[in-house]
Amino acid sequence: MSATATEPQPTEPPSRALRAAFRAFAAIEKVGNKLPNPFWLFWILAGVVIVLSAILAAAGVSTVHPGTHDTIEVRSLLSKAGLTTMVEGAVENFATFPPLATILIVGFGIAVAQASGLFTTLLRRMVARVPGKYLTFALSMTAMVAHVAGDAAYVTLIPLGALIFRAAGRSPVLGCIVAYVSISAGYDASPSLTTTDVLLSSISTAAAHTIDPDYVVTPVANYFFGLASSVLVALVITLVVEKVIAKRSDLDPDDPVKALTAEELKAIEVTPEQRRALRTTGLTALGFMAVLAAAMIPANSPLRGAHGSLVESPVISGMSIVLFLFFSLLGCVYGRMTGTFRAANDIVDALVEGTRAFAPILVLFFAISQFLAYFKWTNIGNVIAIEGAETLKDMHLGGWTVLVGIAVLITFMNLVITSGSALWALAAPVLIPMLMLIGIKPETTQAVYRVADSVTNCVTPMSPYFAMCLGFIQQHKKSAGIGTLASFTIPIAAVVWIVWVAFFVAWYLLGIPFGVG
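Let me begin by describing the structure that accompanies this report. Quick caveat: nothing in here was measured; it's all calculated off a predicted structure.

Calculation rules
- For every chain, the first residue of the written sequence is number 1, and numbering continues from 1 onward in sequence order.
- Given that the model is predicted, a residue must reach a pLDDT of at least 70 before its local features are reported, and side-chain atom pairs must reach 80 or more before they are shown or counted; all residues, however, enter totals for whole chains, interfaces and linings.
- With hydrogens and water stripped out, all remaining heavy atoms of the structure feed into the side-chain values.
- Numbered from the N terminus, helices here are DSSP runs of H or I no shorter than four residues, and strands are runs of E no shorter than two.
- A simple rule labels every residue: compare its accessible area, found with a 1.4 Å probe on the protein chains alone, to the largest value its type can have, and call it buried under 20%, exposed over 50%, or partly exposed in between.
- Pairs of residues are marked as contacts when any of their non-hydrogen atoms sit within 4.5 Å.
- Residue-level accessible areas treat just the shown protein chains as cover; the underlying method is Shrake-Rupley with a 1.4 Å probe.
- Within 6.5 Å between ring centres, the rings of Phe, Tyr and Trp (the latter by its six-membered ring) count as paired, and their orientation is classed by plane angle as stacked under 30 degrees, edge-to-face over 60, tilted in between.
- As a reminder, the over-ring test applies to NZ of lysine and CZ of arginine, requiring each to be within 6 Å of the ring centre and within 35 degrees of the ring normal.
- Within this document, salt bridges are pairs made up of a side-chain nitrogen of Lys or Arg and a carboxyl oxygen of Asp or Glu, the two lying within 4 Å of each other.
- Geometry is summarised by axes, namely lines fitted to C-alpha atoms with helices restricted to the contacting stretch, and by angles between N-to-C directions that run from 0 to 180 degrees.
- Should the near helix be turned counterclockwise from the far one by less than a right angle, the crossing is left-handed, whereas a clockwise turn marks it as right-handed.
- Residues are grouped as follows: Ala, Val, Leu, Ile, Met, Phe, Trp, Tyr, Cys and Pro are nonpolar; Asp, Glu, Lys and Arg are charged; every other residue, Gly included, is polar.
- A residue counts toward a patch only above 30% relative accessible area and without a salt bridge, and it is joined to like-charged neighbours within 9 Å or, for Val, Leu, Ile, Met, Phe, Trp and Tyr, to nonpolar neighbours within 5 Å.
- Side-chain atoms within 4.5 Å link the members of a nonpolar core, which is a set of buried Ala, Val, Leu, Ile, Met, Phe, Trp, Tyr and Cys residues.

**Considerations on the overall build of the protein**
Then, number 1: Looking only at helices and strands, one finds 23 helices and two strands in the protein.
Then, number 2: Within the protein, the fraction of its 517 residues that count as buried is 51%.
Then, number 3: At a minimum sequence separation of 6, the contacts of the protein that also span at least 24 residues come to 79%.
Then, number 4: Taken as a whole, the protein presents about 23000 Å² of accessible surface, with 66% of it coming from carbon and sulfur.

In structure tokens, the structure reads:
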């Protein structure tokens, strides 16, 4: 099952355009492999900020805030005040880093649901009994739902996709490709709230405070757009796969497609006990949402915000704890009914195991939190944002033109920096304040980022899941290499990017809210 069981060999495609694309991706991979781990990358960037702040401060670089008309000067971190800030503020920088607590709290709930087996069974149930002509769309849409499980979706759904397609008499290679592209290219599109919503909104809120200290980007700020995008991306992937990719002759596995063995059938079948547990869990989910909605109906409800506001309510601002309770409850119900949770300590074990999965993120967050704190204290971000906004105003560009330009920039950056949280932590402190100054809301900037951050995930060899998918494909087609997989994912990603960006522009121009608030 290991993705590195066989060494992938490059496969040259007949298309000149694809050959050129492969050469470009090979260059990107070569450059990317020379980049340090994101943890060290942010410390290097922190060092750059320290040196740059001293140079700019010595040069007297400053700007004028367009709202308050106050003069903003770059401050040197090599000054006494700067050194004191770096030493005394290190612990606070990490402890108060906005995504830290929220991602852990939501992660606890998802860990309980994951350990109970709920997500795995739900994904099998969604695709196991789908008629053949709807199979591609069903698998792609299931991947959109699977985003709630985070990176675990790759491990669960790619081999499941191969089995499902094989059961339908189709190429298991194609099943792997559909599952992989749907998870990765549409990673920020989902019909439900995910940890990504909580993570990105926290970073966006911190960036927005540069301009407006009271501005809050909630986890549901992009929900409407994410819901619609999940259906759109699944439809686009289905059309490209069925009209183009599925017609290729090199999808055939090494061995003819055979009927599934009893063991393989068991891997995709949902038992009567699991079906009963899913039904009860579904009713529990509906009951949870009904009780929450009923509690918010009274105008004087404590779950409403000031003046009876629903948008500024404790439920929206405390969405992380709501999601924790929701996923924990569903996981407990399903685990109890199926026997995966037999005692209270089993739930504690699930929480502990789920926390281990977040260890790499916590390590990365320590470096990011220090870098962002340095960047904010020096006022370099303010100067760049204000001067950048003035430049954009002088260019008289339409808002949608600026946003499309940002989409292009993020798309290329994502080929090298594949971590969505790391890339947004790098881009948000500049992009959000700068665009706020020209009238573009943080929610809008975050939405276009999510489009650009998602699509190229499936084509960059810098993604660890690219190699994982290739490993699964090589179980059915040993001659498959990096070029083989890329030749399938590049056309799909290109079409998804064009359609999704156009969809975003239309959404923006029509003035449709991107989410709640």
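Still to come is the rest of the account.
**Details of the packing of aromatic side chains**
Then, number 1: Under the defined criterion, the tally for this structure stands at 22 aromatic pairs.
Then, number 2: Arranged with centres 5.4 Å apart and planes meeting at 80°, the rings of Phe225 and Trp507 form a pair that is edge-to-face. With Phe225 in helix α11 (residues 223–243) and Trp507 in helix α23 (residues 482–509), this pair connects stretches of sequence that are 282 residues apart.
Then, number 3: Overall, the relative accessible area of 4% leaves Phe225 in the buried class.
Then, number 4: The ring of Trp377 is capped by Arg75, whose NZ or CZ atom sits 4.2 Å from the centre of that ring.

**Observations concerning the pattern of salt bridges**
Then, number 1: Applying the stated criterion across every chain yields a total of two salt bridges.
Then, number 2: A salt bridge links Arg170 to Glu242; its shortest N-O distance comes to 3.2 Å. Here Arg170 is found in the loop between α8 (152–167) and α9 (172–185), whereas its partner Glu242 is found in helix α11, with 72 residues between them in sequence.
Then, number 3: For Glu242, a relative accessible area of 27% translates into the label partly exposed.

**A look at the packing of α11 against α23**
Then, number 1: Two elements in contact, α11 and α23, have axes separated by 10 Å at closest approach and are oriented at 145°. Crossing geometry of α11 relative to α23 is assigned as right-handed. Across the interface between the two elements, Phe224, Phe225, Ala228, Ser229, Leu232, Val233, Val236, Ile237, Val240 and Val241 of α11 pack against Ile492, Val495, Val496, Val499, Trp500, Phe503, Phe504 and Trp507 of α23.
Then, number 2: A per-class count over the contact of α11 with α23 returns 17 nonpolar, one polar and no charged.

**Quick notes on a nonpolar patch on the surface**
Then, number 1: Where nonpolar side chains cluster on the molecular surface, the patch consists of Trp40, Ile44, Val48 and Leu52 and spans about 390 Å² of accessible area.
Then, number 2: Counting through the fold element by element, Trp40 comes out in helix α2 (residues 38–58).
Then, number 3: By relative accessible area, Trp40 is classed as exposed at 52%.

**As for unusual backbone geometry**
Working note: non-glycine residues mostly have negative phi, and peptide bonds are mostly trans.
Then, number 1: Even without being a glycine, Asn379 presents a positive backbone phi close to 75°.
Then, number 2: A residue is classified by how much of its surface remains accessible, and Asn379, at 15% relative accessible area, is buried.

**Focus on the nonpolar core**
Then, number 1: Within the largest apolar cluster, 125 residues are counted, with the highest numbers of intra-cluster contacts made by Leu157, Ile177, Tyr180, Ile368, Ile492 and Trp500.
Then, number 2: Discounting chain neighbours no more than four positions away, the residues touching Tyr180 are Tyr154, Ile158, Asn457, Cys458, Ser463, Tyr465, Phe466, Cys469, Leu485 and Thr489.
Then, number 3: Counting 24 residues, the second largest nonpolar core, distinct from the first, contains Ala149, Val220, Ala277 and Met296.

**Some details on the side chain of Ser328**
Then, number 1: The topology assignment puts Ser328 in helix α15 (residues 319–338).
Then, number 2: Of the residues examined, Ser328 reaches a relative accessible area of 11% and is grouped as buried.

**Digging into helix α22 (residues 464–474)**
Then, number 1: Within α22, nine of the eleven residues are buried, which leaves the element mostly enclosed by the surrounding structure.
Then, number 2: Three or more residues of α22 are buried, namely Tyr465, Phe466, Met468, Cys469, Leu470, Gly471, Phe472, Ile473 and Gln474.
Then, number 3: On the buried face of α22, the contacting elements are α8, α9 and α23.

**So, the environment of Leu251**
Then, number 1: Relative to the elements of secondary structure, Leu251 occurs in the loop between α11 and α12 (262–268).
Then, number 2: A relative accessible area of 3% places Leu251 in the buried class.
Then, number 3: The sequence separation of Leu251 and His476 amounts to 225 residues, and the corresponding C-alpha distance is 9.9 Å.
Then, number 4: When neighbours within four sequence positions are excluded, Leu251 is seen to be in contact with Ser171, Val173, Leu174, Ile177, Ile245, Ala246 and Phe488.

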